[in-house]
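# Report on the structure
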Amino acid sequence: MRIGLALSGGGARGIAHLGVLKALDEQGINISIISGVSSGAIAGVFYGYGYAPDEILKLIKELSVFQVVRPVFGKPGLLHLEEVEKLYHKYLGPHLKFEDLKIPVVVSATEMNEGVTAYFSSGEVIKPLLASSAVPILYQPIHLNGKILSDGGLLNNLPVEPLFRNCDVKIAVHVNPINHQAQVTSIRGMVERTAMLAINSNVKLRINQCDLFLEPQGLKAFRLTSFRKADEIFEVGYRYAMDMERHIRKLVNEI
């Protein structure tokens, strides 16, 4: 049986993907293919490379966002991703190809000129991985093979499509549950809320395309930038997936 996993984007909330992956490991669920976008793509690539979820969490906690970004003025995007690229080179190798991953991974990004989702599953990994989380305006886009690439979540924040013909079971993990009791009190909060609501609209279209949709509701308590709460976010994902074990096993056993 081939089990496919689609991992959404979600900023710091994406750390919950690691908790889910740890729970699936402990349940003996072997993932055959991962499709990820933004933080989900990062979790997928590192996991597919061979890092254990706890190792990836440790790596994230050791990094400081402010140490890997610096402003660039006069160009599209205020921040560049050169330092992030160096970190990927350090922990994944500068010449990593999708074909080298222990678990096949598909990374999605948005091709800004055509206005379509671009999927990457062969060739070099680092550039597509950078592009997948390059939020427009905030980060410079990534130029690759004549394409201008930015955050894949703009058009598809739950990339289940690459799983359709590649697996028997499609499990999706969405880390952006909408908090309907939110109180927006600042411009920053309004910007974050606007982005979340807009992106979630393209997720709704794909929920019914999954055999199992996992959405840890405890993540409502965290912001997209709550990296300092990495341990708590990881635990939310882990506990939720453990609580869902009977549903996961039932799905797997029925196929």
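You'll find the structure just up there.
I will try to describe carefully the structure that is included in this document. Because the structure is a prediction, the values reported are computed rather than measured. (Residues numbered from 1 in each chain as written. Predicted model: local features only at pLDDT ≥ 70, side-chain atom pairs only at ≥ 80, totals over all residues. Heavy atoms only, no water.)

The backbone phi angle of S38 is positive, close to 55°, even though this residue is not glycine. With respect to the secondary-structure elements, S38 resides in the loop between β2 (33-37) and α2 (39-49). Phi is positive for N145, which is not a glycine, with a value near 50°. Relative to the helices and strands, N145 resides in the loop between β5 (142-144) and β6 (147-151). The class of N145 is exposed, set by a relative accessible area of 72%. (Helix = DSSP H or I, 4+ residues; strand = E, 2+ residues; numbered from the N terminus. Buried < 20%, exposed > 50% of the residue type's maximum accessible area, 1.4 Å probe, protein only.)

This part takes up the environment of L59. On the secondary structure map, L59 appears in helix α3 (residues 53-62). Judged by relative accessible area, L59 falls into the buried class, the value being 11%. In the structure, L59 is positioned 105 residues away from F164 in sequence and 32 Å away in space, judged by C-alpha atoms. When residues no more than four places from it in sequence are discounted, the contact partners of L59 are F46 and Y91. (Contact = heavy atoms within 4.5 Å.)

In total, this model carries eight salt bridges according to the counting rule given. Between R206 and E161 there is a salt bridge, with its nearest N and O atoms 2.7 Å apart. In this pair, R206 sits in the loop between α7 (187-204) and β8 (212-214) while E161 sits in the loop between β6 and β7 (169-173), placing the two residues 45 residues apart along the sequence. Exposure remark for E161: the relative accessible area of 24% places this residue in the partly exposed category. (Salt bridge = Lys/Arg side-chain N within 4 Å of Asp/Glu carboxyl O.)

Here we come to the packing of α3 against helix α8 (residues 230-243). Look at α3 against α8: their axes get within 10 Å of each other, and the N-to-C directions meet at 155°. By the angle between their axes, α3 is roughly antiparallel relative to α8. For the element pair α3 and α8, the recorded crossing hand is right-handed. Within the contact between the two elements, α3 uses P53, D54, L57 and K61 and α8 uses A230, D231 and F234. Across the contact of α3 with α8, the residue classes break down as four nonpolar, no polar and three charged. (Axes fitted to C-alpha atoms, helices over the stretch in contact; angles between N-to-C directions. Parallel < 35°, antiparallel > 145°, perpendicular 65-115°, else oblique. Left-handed = near helix turned anticlockwise from the far one by under 90°. Nonpolar A, V, L, I, M, F, W, Y, C, P; charged D, E, K, R; others polar.)

What follows concerns the packing of α2 against helix α5 (residues 82-92). α5 packs onto α2 with a crossing angle of 20° between their chain directions and a minimal axis gap of 11 Å. Judged on the interaxial angle alone, α5 and α2 are roughly parallel. In the packing of α2 onto α5, the handedness of the crossing is right-handed. Of α5, the residues touching α2 (which contributes I42, V45, F46 and Y49) are Y88, Y91 and L92. Tallied by class, the residues present in the contact of α2 with α5 amount to seven nonpolar, no polar and no charged.

It is worth spelling out α2 at this point. Among the eleven residues of α2, nine are classified as buried, and the element is accordingly described as predominantly covered. Of the residues making up α2, those classed as buried are S39, G40, A41, A43, G44, V45, F46, Y47 and G48. Looking one or two residues beyond α2, the residue adopting positive phi is G50, at roughly 130°.

Ranked by internal contacts, the top residues of the largest apolar core, which has 63 residues, are L5, I34, Y88, L92 and I171. Residue contributions to this core peak at seven residues, all from helix α1 (residues 15-26). Not counting chain neighbours up to four residues away, the residues in contact with L92 comprise V45, F46, Y49, Y51, I126 and L129. Counting ten residues, the second-largest nonpolar core is a separate cluster that includes A6, V106, L163 and V203. (Core = buried A, V, L, I, M, F, W, Y, C linked by side-chain atoms within 4.5 Å.)

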